[in-house]
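Tertiary structure, described
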Amino acid sequence: MPKDLTWDNAEDIGILLSEKHPDIEPLSIRFTDLHRYVTELPEFKDDPKKSNEGKLEAMVDRAAAPAAAACAWVRQEEAAAA
């Protein structure tokens with residue numbers, strides 16, 4: 001993971017945010033809150049004004065991926081047990 005993160009590091013930022021805020025559902029977060037969470041990361045060194053909807057969506061997608069995988073795993077386990 002790069003030491004200094006920018007808006008172009010969507011995957012790394014998504015991972016950090018999912019670790020720092022595990023109680024937040026990524027698919028329900030408002031972009032204004034996401035923007036604040038990103039700019040509050042100590043590793044984030046980019047201009048806050050350089051964000052855009054596409055970059056924020058990429059972070060949401062990355063942060064949501066582990067949760068989606070976990071849900072799929074649980075569904076598979078439940079189906080196997082049935």
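Residues numbered from 1 in each chain as written. Predicted model: local features only at pLDDT ≥ 70, side-chain atom pairs only at ≥ 80, totals over all residues. Heavy atoms only, no water.

Structural notes on the overall build of the chain
- Of regular secondary structure, the chain possesses three helices and zero strands.
- The order of α-helices and β-strands along the chain, N terminus first, is α-α-α.
- For the chain, buried positions account for 29% of its 82 residues.
- For the chain, contacts bridging at least 24 residues in sequence account for 68% of all contacts bridging at least 6. (Helix = DSSP H or I, 4+ residues; strand = E, 2+ residues; numbered from the N terminus. Buried < 20%, exposed > 50% of the residue type's maximum accessible area, 1.4 Å probe, protein only. Contact = heavy atoms within 4.5 Å.)

Some words on the packing of aromatic side chains
- Summed over the entire model, instances satisfying the criterion amount to one aromatic pair.
- Between Trp7 and Phe44 the ring centres are 4.8 Å apart and the planes differ by 65 degrees, which places this aromatic pair in the edge-to-face class. Highlighted residues: Trp7 in the segment before helix H1 (10–20) and Phe44 in the loop between helix H2 (31–40) and helix H3 (53–81), separated in sequence by 37 residues. For the pair shown, Trp7 and Phe44 are each scored as buried. (Phe/Tyr/Trp six-rings, centres within 6.5 Å; stacked < 30°, edge-to-face > 60°.)

In short, geometric facts, not functional conclusions.
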